[in-house]
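Structural characterization, general
Residue strings, one per chain:
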Amino acid sequence: GGSGQPRGSIRGAVYKDVNGDGKCINTGVAGEQPVAGVMLEFVSSDQRTVINLTSGPDGEFGLFEAGYSYWSITAKPGSEWVVTSAKTLYAPVYENSLSVTGVNFCVQRAGTVQVLLPASGAPFPYAWLALVAMLGVLLILAGLGLNLRQWRHD
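Throughout what follows, the structure given in this document is the object of discussion. (Residues numbered from 1 in each chain as written. Predicted model: local features only at pLDDT ≥ 70, side-chain atom pairs only at ≥ 80, totals over all residues. Heavy atoms only, no water.)

1. Some points on the nonpolar core
Among the nonpolar cores identified, the biggest contains 20 residues, and Ile10 and Ile73 are the most heavily contacted of them. Elements with a minimum of two residues in this core: strand S1 (8-16), strand S2 (39-43), strand S4 (60-66), strand S5 (69-76), strand S6 (81-83), strand S7 (88-93) and strand S9 (105-109). With near-sequence residues (within four places) excluded, Ile73 lies in contact with Ile10, Leu40, Glu41, Phe42, Phe61, Lys87, Thr88, Leu89, Tyr90, Ala91, Val103 and Phe105. (Core = buried A, V, L, I, M, F, W, Y, C linked by side-chain atoms within 4.5 Å. Buried < 20%, exposed > 50% of the residue type's maximum accessible area, 1.4 Å probe, protein only. Helix = DSSP H or I, 4+ residues; strand = E, 2+ residues; numbered from the N terminus. Contact = heavy atoms within 4.5 Å.)

This is the structure in structure tokens:
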């Protein structure tokens with residue numbers, strides 16, 4: 001710093017992605033509205049500057065007085081949200097591009113995402129798996145028994 005170069009700004013918003021398509025702003029999809037309190041991590045290209053901000057009530061956030069850099073912005077919501085858009089976006093703040101806007105992220109409630117793995121702490125029905133496996137084995141054994149009986153009669 002200290003060179004007296006002008007500072008830039010990086011602005012964007014975090015919105016709810018209802019249908020999980022990674023698009024959430026001005027989509028016309030009902031319920032795709034701003035999400036407040038999502039943490040955004042700004043890291044300068046030399047990685048010396050790390051700034052954390054959160055989205056406001058209108059879903060918007062802004063890093064002002066940003067120094068010249070190729071900034072990376074990563075959405076880091078709490079465990080109740082999943083990022084459906086790109087998790088990290090980039091904003092070049094230089095003399096000819098001091099104001100970077102449209103750094104937007106889409107998030108979806110974690111419970112509504114089709115996740116195949118059980119959530120931590122959720123009771124996963126291993127008992128069912130064991131039962132199904134046992135039934136499978138019994139059916140195979142029964143099938144073998146029938147085959148053996150037929151074979152003996154010939």
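2. With respect to the packing of aromatic side chains
Considering all chains together, one arrives at four aromatic pairs under this definition. Aromatic pair Phe61 and Phe105: ring centres 6.3 Å apart, planes at 35°, arrangement tilted. With Phe61 in strand S4 and Phe105 in strand S9, this pair connects stretches of sequence that are 44 residues apart. Of the residues examined, Phe105 reaches a relative accessible area of 0% and is grouped as buried. (Phe/Tyr/Trp six-rings, centres within 6.5 Å; stacked < 30°, edge-to-face > 60°.)

3. Some thoughts on the sheet that holds strand S3 (residues 50-54)
Strand order in the open sheet made by the four strands is S3-S2-S5-S7, with antiparallel pairing throughout. In this open sheet, the two edge strands, each paired with only one partner strand, are S3 and S7. Strand-to-strand twist in this sheet, taken as the mean axis angle between neighbours without regard to direction, amounts to 25°. Alignment of S5 against S7, held across six bridges, turns out to be antiparallel. For Ile73, the partnering residue across the bridge sits in S7 and is Leu89. (Pairing = 2+ DSSP bridges. Axes fitted to C-alpha atoms, helices over the stretch in contact; angles between N-to-C directions.)

4. With respect to the side chain of Glu41
With respect to the element layout, Glu41 can be found in strand S2. A distance of 3.1 Å separates polar atoms of two side chains, one belonging to Glu41 and the other to Lys76. For Glu41, the contacting residues outside a window of four places in its chain are Val50, Ile51, Asn52, Ser72, Ile73, Thr74 and Lys76. (Polar contact = N/O pair within 3.5 Å; in protein donor to acceptor, adjacent residues only side chain to side chain.)

5. Overview of the pattern of salt bridges
For the structure shown, the criterion picks out one salt bridge. For Lys76, the salt bridge goes to Glu41, with nearest N and O atoms at 3.1 Å. With Lys76 in strand S5 and Glu41 in strand S2, this residue pair connects regions lying 35 residues apart in the sequence. Lys76 gets classed as partly exposed once you look at its relative accessible area, which sits at 37%. According to the relative accessible area criterion, Glu41 is buried, its value standing at 18%. (Salt bridge = Lys/Arg side-chain N within 4 Å of Asp/Glu carboxyl O.)

6. A short note on unusual backbone geometry
A positive phi angle, close to 65°, is found at Gln47, a residue other than glycine. By the element assignment, Gln47 lies in the loop between S2 and S3. Of note in the backbone geometry, Glu65 takes a positive phi value of approximately 60° without being a glycine. Looking at the secondary structure, you find Glu65 in strand S4. Using a relative accessible area of 58% as the deciding quantity, one classes Glu65 as exposed.

7. Describing the state of the cysteines
In the structure shown here, the tally under the stated rule is one disulfide. Across a sulfur-sulfur distance of 2.1 Å, Cys24 and Cys106 are joined as a disulfide pair. The sign of the S-S torsion, about -85°, decides the handedness of the disulfide formed by Cys24 and Cys106: left-handed. One end of the pair, Cys24, is in the loop between S1 and S2; the other, Cys106, is in strand S9, with 82 residues separating them in the sequence. Cys106 shares its class with Cys24; the two are buried. (Disulfide = S-S within 2.5 Å.)

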